Amino acid sequence: MDTVLRNTRPTAKQMYLDPRTKTLLCLTVSFIMFSGHSTGIMRYVLPCLAIFPLIAFVILKKPFVAVYYGTMYIFSATVPHLMMDYCPPIINALFAGMVAIFTQLLPGMSMFYFLILTTTVSEFVAAMDSLHISKKFTIPVSVMFRFFPTIREEYAAIRDAMRLREVGSWRNPMKMLEYRLVPLLMGLVAIGNELSASALTRGLNAPVRRTNMCPIGFHWQDAVAFSFCLAVIVLFTLSAALGW
Amino acid sequence: MEKQKNNKKLNGKDLLNTGIFTAIYFLINLLVAAALGLIPVVSMLIPLVSSLILGIPMMLYFIRIKKFGMVLITYIVYGVFLTLAGVGIYSLIFGTICALIAELILRSGKYQSANRAVLAFAVVSIGANANVLQMVVAGGKALAEKAATYGTDYVNTIAGYYERGWVLPVIFASAFIGGLFGGLLGKAVFKKHFIRSGLV
């Protein structure tokens, strides 16, 4: 009997994929984008990989992210080539290499963003659990995701307070660093203590395996994604080894 | 906590602490990289500046560490994040190695010595900033590809910038020095604020 609670199929919010599949996709895209030459057969494979995050953002209905990613990629892929002839060599020497790297970095970073966007912390923990990855890795990571918004919130409050008192400006960076970082750290350590008390009450230290109700499991869409990754890796190996 | 003082194994509270400081580490690194990374020449300063600023939070973390493994977990998590984000696997490999060395340094002082914590942070800064290596490798590779299109003149100009032998050692040395000064700064701040306020 399928109820809402025991639903094992990933929904649209998770891109219909298992977190492990998404991790593999993310790794494949970032590695191949970074280490693949755009020669031979890879000339067609690399754009396919670059377009993948774009498709993902469109399916997730994130038009702004999709447009932003597309514009940035097209900009960094074409503009330096067009400007190359009109710029003095020194500017080319400084910027062209950097922009070339950026073209390779962008898809990997977008895939990482996609991974975070579509995976909740408990899904992530459940997936890592089924891969038998130690708690020593999963607890810090889940705490990190819990903490990113908190850090932002705390920092905004401290920044306002310091502006009100006119303490530390850009003219005095050391002072600014001290009077913003120190209160931030004090606040965060206090929050951390409370958080750990609450987590321990809920059995974080318990030696038993954590149960969950997350839709984790492999389906045909995961098989498609896996074969896509496999195909890309095989093509990459072929092009690297045989010079296709 | 008092009850488990003799317990050498990491418990939930230690892991939570690790997560909190890894989050701070990751965010500040990201901010520094975003602020400086836009300008090519200045981006070579990222290791120096980020290690310098990170000295303050990391000293608060390193000095309070009493068990083996927390530094290691921090840098493994950081490295895995960077690897997934496509910045390259070098931070994971070298970060893990340097974190192991740092753990041994901390352990040799029996987790009591603040000076050893400074040294450990300086060592670990080198490993964490090894992703620069990826930039250099990929930069060279991307340029080699373009040699056919843009002619050798142009490529020679840029290849010189990336593949000069002294660039890498200088970057790693700057990470170490940044870590050292950041650590000393952090130690001073630690004494001035955190001990006085009774946080520790």
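Criteria and cut-off values
Residues numbered from 1 in each chain as written. Chains lettered and ligands numbered in written order. Predicted model: local features only at pLDDT ≥ 70, side-chain atom pairs only at ≥ 80, totals over all residues. Heavy atoms only, no water. Helix = DSSP H or I, 4+ residues; strand = E, 2+ residues; numbered from the N terminus. Expected span 1.5 Å × (residues − 1). Buried < 20%, exposed > 50% of the residue type's maximum accessible area, 1.4 Å probe, protein only. Arc of directions from axis to C-beta. Core = buried A, V, L, I, M, F, W, Y, C linked by side-chain atoms within 4.5 Å. Domains from an automatic or database assignment. Contact = heavy atoms within 4.5 Å. Polar contact = N/O pair within 3.5 Å; in protein donor to acceptor, adjacent residues only side chain to side chain. Axes fitted to C-alpha atoms, helices over the stretch in contact; angles between N-to-C directions. Left-handed = near helix turned anticlockwise from the far one by under 90°. Nonpolar A, V, L, I, M, F, W, Y, C, P; charged D, E, K, R; others polar.

Engineer: Describe helix α4 (residues 90-108) of chain B, with residues and values.
Structural biologist: Residue and element names in this part refer to chain B. Under the 1.5 Å per step criterion, the end-to-end length of α4 is 27 Å for 19 residues, consistent within 8% with the ideal 27 Å. Burial in α4 covers these residues: Ser91, Gly95, Cys98, Ala99, Ala102, Glu103, Ile105 and Leu106. Take α4 and look down its axis: the buried residues cluster within an arc of 160°, on one side only. Looking one or two residues beyond α4, the residue adopting positive phi is Lys110, at roughly 55°.

Engineer: Help me get a handle on the nonpolar core, residues and values and all.
Structural biologist: The biggest cluster of nonpolar side chains holds 103 residues, and the ones touching the most others in it are B:Met58, B:Phe62, B:Val71 and B:Tyr75. A domain split of this core shows at least three residues from each of domain 1 (12-120 + 214-242) and domain 2 (126-201) of chain A. Once you skip the residues sitting within four places of it in the chain, B:Tyr75 turns out to touch B:Tyr25, B:Met58, B:Phe62, B:Gly95, B:Ala99, B:Phe121, B:Val124 and B:Ala128.

Engineer: Tell me about the side chain of B:Asn29, and name the residues and values.
Structural biologist: Residue and element names in this part refer to chain B. Structurally, Asn29 is set in helix α1 (residues 12-36). The buried category is assigned to Asn29, whose relative accessible area is 8%. One polar contact links Asn29 to Ser50, side chain to side chain, over a distance of 3.4 Å.

Engineer: Outline the packing of helix α7 (residues 173-201) of chain A against helix α2 (residues 46-64) of chain B, supporting the account with residue identities and numerical values.
Structural biologist: To characterise two packed helices, one gives the angle between the axes of the helices and the distance between these axes. Here α7(A) crosses α2(B) at 35°, and the two axes come no closer than 10 Å. Seen along the crossing, α7(A) lies across α2(B) with a hand that is right-handed. Seen from α7(A), the contacting residues are A:Leu177, A:Leu181, A:Leu185 and A:Val189; seen from α2(B), they are B:Ile53, B:Ile56, B:Pro57, B:Leu60 and B:Arg64. Residues belonging to the contact of α7(A) with α2(B) are distributed by class as follows: eight nonpolar, no polar and one charged.

Read these as spatial facts, not as claims about activity.
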